[in-house]
Amino acid sequence: MQADGIPGFALTFAAPAKINLALHVVGQRADGHHLLESLVTFAECGDRVGLTAADRDRFTVSGHFATDLSAEGNDGNLVLRARDLLRRELAAQGGMAGPVHLHLEKNLPVASGIGGGSADAAATLRGLLSLWGAAVEAARLNSLALQLGADVPMCLDRGPLVARGIGEDITPLPELPPFDVVLVNPLVAVSTPVIFRSLVRKTNPALVLPEDARSTAEWLTAMAAMRNDLEPPARAHEPMIETVSNALRDAGAALVRMSGSGATCFGVFADTKSAERAAETISAGHPRWYVQATRTAGKSG
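For the structure given in this document, a descriptive report is provided here. (Residues numbered from 1 in each chain as written. Predicted model: local features only at pLDDT ≥ 70, side-chain atom pairs only at ≥ 80, totals over all residues. Heavy atoms only, no water.)

## Points about the overall build of the protein
Now for step 1: From N to C terminus, the protein includes nine helices and ten strands.
Now for step 2: In terms of its C-alpha atoms, the protein occupies a principal-axis envelope of roughly 55 × 45 × 40 Å.
Now for step 3: Taken across its 301 residues, the protein has 53% of its residues classed as buried.
Now for step 4: Expressed as a percentage of contacts within the protein between residues at least 6 apart in sequence, the contacts between residues at least 24 apart total 73%.
Now for step 5: Surface exposure of the protein reaches about 13100 Å², of which carbon and sulfur atoms provide 51%. (Helix = DSSP H or I, 4+ residues; strand = E, 2+ residues; numbered from the N terminus. Buried < 20%, exposed > 50% of the residue type's maximum accessible area, 1.4 Å probe, protein only. Contact = heavy atoms within 4.5 Å. Areas by Shrake-Rupley, 256 points an atom, 1.4 Å probe, with all protein chains shown as cover.)

## Topic: the packing of helix α2 (residues 116–131) against helix α3 (residues 138–148)
Now for step 1: Across the interface, α2 lies against α3 with an axial gap of 10 Å and an inter-helix angle of 140°. In terms of orientation, α2 lies oblique with respect to α3. Regarding α2 and α3, the two cross each other, and that crossing is right-handed. The segment α2 lies against α3, with A121, L125 and L129 engaging L141, A145 and L148. (Axes fitted to C-alpha atoms, helices over the stretch in contact; angles between N-to-C directions. Parallel < 35°, antiparallel > 145°, perpendicular 65-115°, else oblique. Left-handed = near helix turned anticlockwise from the far one by under 90°.)

## What about helix α6 (residues 216–224)?
Now for step 1: Turning to α6, its buried residues number three or more, namely W219, L220, A222 and M223. Buried residues along α6 cover an arc of 165° about the axis, so they all sit on one side. Turned more than 90 degrees away from the buried face of α6 sit A217, T221 and A224, all of them exposed.
Now for step 2: Of the surrounding elements, those touching the buried residues of α6 are β1 (11–28), β2 (34–53), β8 (255–258) and β9 (265–269). (Arc of directions from axis to C-beta.)

## Thoughts on the packing of aromatic side chains
Now for step 1: Across all of its chains, the model carries one aromatic pair by this definition.
Now for step 2: Centroid distance F65 to Y290: 6.0 Å. Interplanar angle 65°. Geometry classified as edge-to-face. With F65 in the loop between β3 (58–62) and α1 (78–92) and Y290 in strand β10 (residues 290–295), this pair connects stretches of sequence that are 225 residues apart.
Now for step 3: For F65, a relative accessible area of 6% puts it in the buried group. (Phe/Tyr/Trp six-rings, centres within 6.5 Å; stacked < 30°, edge-to-face > 60°.)

## Considerations on the sheet that holds β8
Now for step 1: One open sheet accounts for four strands, arranged β8-β9-β7-β10; its pairing is antiparallel. Taken across any chain shown, the strands that pair with only one partner, and hence form the sheet edges, are β8 and β10. Taken pair by pair, the neighbouring strands of this sheet meet at an average axis angle of 20°, ignoring direction.
Now for step 2: Of the pairings in the sheet, the one linking β8 to β9 comprises four bridges and is antiparallel in character. (Pairing = 2+ DSSP bridges.)

That is the geometry; function is a separate question.
As structure tokens, then:
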């Protein structure tokens, strides 16, 4: 999905926010990785990645949360890791992968539970394949994405899905409807490893999808019976999560839940205008928070 263009770049790819509508921890592998079952969708809001051919590799950043990243010498950044990984893959195939100027427009908070870094990496992989005129077989691309992080393969998909395993076992869920939501983060970073280590129970009841839900109301009823098993330890680690949840409920959300390992919470609202009004109300009361009304991907009608 190519987004509206960032000026000065040949290509711009969207990196939409990932929302875990539910996240069940159902086990743990011998290597320590937790086994998950998660209902996932993607928002219209997110970061953007700009790409253009250059005489040498460059990486620049802009956007509201750009200062939370380092543009120079940060080889741990997922955008740069995606570039380097794909370049090695194409070189092994005898392909060309010339110098590129990558620009990350960082609109999502860092370490916020909505997959910003993973979405950035996925957008970089898609964008570079287009810029370089290259192709990688789908299963191999997913394997490369998994090397970058458990959430990166699902961010390549960008549609409603169920993710299982450590996140790599993906089943599209085209029947999931779109939702009008408000995303709220109090701008406190939450460490995913810390939250997983704080889990008291590593084996919890499995995710159960409704068999015949079609309408938004039917899906909301089904989702109300689901959970985010990371929410209790995250709340214990960061009490502001409860404050955020209460703000969304007070604004009229029909369903409130934390996404991922936090601290972002989402509220589902009746329609776009209700979500926008709620975002305005929450922003007025908490001007330093990240508050965004948006709509999720899904089948309308």
